[in-house]
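Structural characterization, general
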Amino acid sequence: MPNFLVELGRPVLLASLIVASSVLALRHLGGFEKLELGAYDHFISLRPGESTDPRILIVGITEKDIQTRNEWPLTDQTVALLLEKLERHGPRVISLDIMRDVPLEPGRQALLQRLTSSDNIITVCKASTQDYVGVPPPPGTTYDYVGFADLVIDSGGAMRRALMLMAPPVPAGGLTQSPHLCSGPDTVISLSLQTAMQYLDAEGIYPEQLESGELRLGSKIIPPLTPNFGGYQTTDTGSGYQLMLNYRSAQQATELVTLDDILTNQVDPELIRDRIVYIGYLTPQAGDDFYTPYSQAQTDDQKMPGVEIHAQSTSQILSAVLDGRPLIWVWPAPLEALWVLTWAMVGGILAWYIRRPWRLSLTVLGVAASLYGFCFFLMLQGGWLPLVPPVIALGATASATITILNQKLKTENLRIKTELDITRRLQQMILPPEQELQAIEDLDIAGYMDPCDDVGGDYYDVISSPQGNLKIGIGDVTGHGLESGLIMIMVQTAVRTLLESKETKPENFLSVLNRSMYYNVQRINSDKTLTLSLLDYKQGTLCLSGQHEEVLLVRADGSLEQIDTVNLGFPIALEEDIDDFLAHTQIQLNTNDVVVLYTDGITEARNIERELYGLPRLCDVIVNNYQKTAKEIRAAVIKDLTSHIGQQKILDDITLLVLKQR
């Protein structure tokens, strides 16, 4: 495996596993349940509403109906009259979502007669619990025409699930009155499922319970919720036979008419014929309205009446069986865990490649938005994918990876700083010491070098040869830092070695030096090169060779000469053989003549306004101070250069060498 993949894998995989495991553990403990259910509600509310289900009609008993008839609750006589008028128009199923366990005279016998003699009216009950005996259906009704009206309410009050089948428990201490169809222990069917099965019966579709316990209607299997379904981690989704409620819309999922519309014959019979007709209260005083995923602000006008919830649940079953409309589905738990881990790794990889906090933040936000869009797209298909855990894993892993990388960077920086410190000390040690320069009789010499980093790539040296000559060198390695500083040390060593070998001809000296540096640079796999000028001095004569910046010469009378070195050499370590480019020129020095050697770190230094210091300004400073000592000339140049740079950071190494003929 390539080394970069190994280096990538360590921090990314470590951070991804730690974060993903932590997120999954918190999720399992229910730490994200409210957020995940909130995200679910958000997606449900964003979905475009579907058209009304043409198979279902709701007859709603409104507050206006109550006030008009001056009845609360409706009497048995009114309910019987409503059923009679509906049955005239041939509905396939009538589902009466109104409790009729006790008489509400007048009209009791007429209502019971109609309920027990009809083969298409379904009535409701409430199932018993450990502490509650429930509410029985009207007397005389049978199992196939009764459905429980109990709804499953999540913590916080929202209605997201539908209970299809249940085995009600017998109340503690037994029943104090006669058992009823919804008092247990036998399995009972919900009003919505009972209604759907009655409707499908006419289509030749009958319910079948598979060996797995799943319900099949025709070719469609209706799988129940499993424990820890989707974002549910602490809520009991495994008891009874539950489904997620895949609402059609927030309003008008079915056609709606009022009690008064039916009793005054204002409804088109075609709205009733062969349809499911739900009857239920729409008035708030019935206390039969509930929050849904559409109730994000949870105000009263965002509640949905229970009869409409039953109708939506029935519509969901019919649409799944007859129209192929999807139920709400989720991935298996292992796949959801892999989903979270994948996004954790995405966060780690992004952090590895981007690293800049603000860019990383924007990228993570963009990726999270893409994840949001993908999850919403699947919700349009009925898929409930985890959104909150992967988003948290994405951001947390990116942050953790950055932390790990920063720690590694601190360690690496400490190591590099140690190496740089050693290299810098070596550089300082091999520079010509002040006492050596003062010992030279013919020349007054002052040198200066200031690297822009801890280690510079500039070079200067003054060395006495065995023959009594002086070898003066100045050079500039491309770039700066550790690698450039190392090459500078190599150059100094090579120059001294060649001097000891008694090589005196300038062209030969540079040719051998170039080959030596070329092979060294190739070995360390570097692309660095350097400009280098070498001056041989003896008894007032300078022999100049090699390509570097112009040599500045100020004569004793104040005249300035600029000696171009372009044709005297070629960049060192760029080519193996540079013999054809090498040449030399001689300069005769008289008393008080000044020679200034420098690197482009001086002429290309910029101030805060990005203005160059420039060669003309350097020449002016030298000409104005040439009568002074070499140290004073050096000090004048550095002072003027520092004044120009001001608060701007030094961007390149600065080297200056001043020679003055005594």
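One structure accompanies this document, and this report is about it.

Quick notes on the side chain of E507
Note on placement: E507 falls in helix α14 (residues 506-523). In this structure, E507 is buried with no salt-bridge partner, the nearest side chain bearing the opposite charge being K505 at 5.1 Å. Here the side chain of E507 touches H584 through a polar contact of 2.7 Å, side chain to side chain. Setting aside residues up to four positions removed in sequence, E507 forms contacts with L582, A583 and H584.

Re unusual backbone geometry
Leaving glycine aside, a negative phi is the common case for residues, and trans is the common case for peptide bonds. The omega torsion across W72 and P73 is -10 degrees, close enough to zero to call that bond cis. By the secondary structure assignment, P73 is in the loop between α3 (63-69) and α4 (76-87). Note that the residue after E105, namely P106, is joined by a cis bond; omega there is 0 degrees. Mapping P106 onto the fold places it in the loop between β2 (93-96) and α5 (108-117). Not every positive phi belongs to a glycine, and N70 is a case in point at roughly 55 degrees.

Let's talk about the packing of aromatic side chains
Scanning all chains against the criterion turns up 12 aromatic pairs. Between F43 and Y372 the ring centres are 5.2 Å apart and the planes differ by 50 degrees, which places this aromatic pair in the tilted class. Taken together, the residues span a long stretch of sequence, with F43 in helix α2 (residues 33-46) and Y372 in helix α10 (residues 357-380) at a distance of 329 residues. Judged by its relative accessible area of 3%, F43 falls in the buried class. Here F43 and F376 contribute two aromatic rings whose centre-to-centre distance is 5.6 Å and whose plane-to-plane angle is 35 degrees, an arrangement assigned as tilted. Here F376 lies in helix α10 and F43 lies in helix α2, a separation of 333 residues in the sequence. The pair F43 / F376 is uniform in exposure class, with both members buried. Ring pairs connect the aromatic residues Y40, F229, Y232 and W384, which therefore count as one cluster. Over the ring of Y199 we find R92; its NZ or CZ atom is 3.9 Å from the centre of that ring. One Lys or Arg, K303, reaches over the ring of Y291 and ends 4.8 Å from the middle of that ring.

So, the packing of α4 against α5
For the pair α4 and α5, the least separation of the axes is 8 Å and the interaxial angle reads 35 degrees. For the pair α4 and α5, the sense of crossing is left-handed. Residues D76, V79, A80, L83, E84 and E87 of α4 pack against R108, A110, L111, R114 and L115 of α5. A per-class count over the contact of α4 with α5 returns 6 nonpolar, no polar and 5 charged.

Digging into the environment of N406
Inspection of the secondary structure assignment puts N406 in helix α11 (residues 388-430). Residues N406 and R355, 51 residues apart in the sequence, show an inter-C-alpha distance of 9.2 Å.

Regarding the sheet that holds strand β15 (residues 443-450)
Taken in spatial order, the 5 strands of this open sheet run β15-β24-β23-β20-β21, and their pairing is antiparallel. Of all strands in the sheet, those with a lone pairing partner are β15 and β21 (560-563), marking the two edges. The mean inter-strand angle of the sheet, taken between neighbouring strand axes irrespective of direction, is 15 degrees. Taken together, the 8 bridges between β15 and strand β24 (residues 654-661) define a ladder with antiparallel strand orientation. Looking at β24, one finds that Y448 is bridged to L656.

What about the state of the cysteines?
Under the counting rule described, the total for this entry stands at 1 disulfide. At a sulfur-sulfur separation of 1.7 Å, the disulfide partner of C125 is C182. Measuring the twist about the S-S bond at about -65 degrees, one finds the C125-C182 disulfide to be left-handed. Separated by 57 residues along the polypeptide, C125 in strand β3 (residues 121-125) and C182 in the loop between β5 (161-166) and β6 (188-189) bring together distant segments of the chain.

Some details on a nonpolar patch on the surface
Together, W358, L362 and L365 line one region of the surface with nonpolar side chains, adding up to about 370 Å² of accessible area. With respect to the helices and strands, L365 occurs in helix α10.

Regarding the sheet that holds strand β19 (residues 541-545)
Spatial ordering of the open sheet is given by β16-β17-β18-β19-β22, a layout of 5 strands whose pairing is antiparallel. If you trace the sheet from one side to the other, it starts and ends with β16 (458-464) and β22 (584-588), each paired once. Ignoring strand direction, the axes of neighbouring strands in this sheet form an average angle of 15 degrees. Relative to strand β17 (residues 470-477), β16 runs antiparallel, the two sharing 7 bridges. Paired with V462 across the strands is I472, a residue of β17. The sheet strands contacting helix α13 (residues 482-500) are β16, β17 and β18 (530-538), and the helix crosses β16 at an angle near 20 degrees. Running over the sheet, α14 touches β17, β18, β19 and β22 and is turned about 145 degrees from β18.

Definitions and cut-offs
Residues numbered from 1 in each chain as written. Predicted model: local features only at pLDDT ≥ 70, side-chain atom pairs only at ≥ 80, totals over all residues. Heavy atoms only, no water. Helix = DSSP H or I, 4+ residues; strand = E, 2+ residues; numbered from the N terminus. Buried < 20%, exposed > 50% of the residue type's maximum accessible area, 1.4 Å probe, protein only. Lys, Arg positive; Asp, Glu negative; His and termini not counted. Salt bridge = Lys/Arg side-chain N within 4 Å of Asp/Glu carboxyl O. Polar contact = N/O pair within 3.5 Å; in protein donor to acceptor, adjacent residues only side chain to side chain. Contact = heavy atoms within 4.5 Å. Phe/Tyr/Trp six-rings, centres within 6.5 Å; stacked < 30°, edge-to-face > 60°. Lys NZ or Arg CZ within 6 Å of the ring centre and 35° of its normal. Axes fitted to C-alpha atoms, helices over the stretch in contact; angles between N-to-C directions. Left-handed = near helix turned anticlockwise from the far one by under 90°. Nonpolar A, V, L, I, M, F, W, Y, C, P; charged D, E, K, R; others polar. Pairing = 2+ DSSP bridges. Disulfide = S-S within 2.5 Å. Patch = residues over 30% accessible without salt bridge, like charges linked within 9 Å, V, L, I, M, F, W, Y side chains within 5 Å. Areas by Shrake-Rupley, 256 points an atom, 1.4 Å probe, with all protein chains shown as cover.

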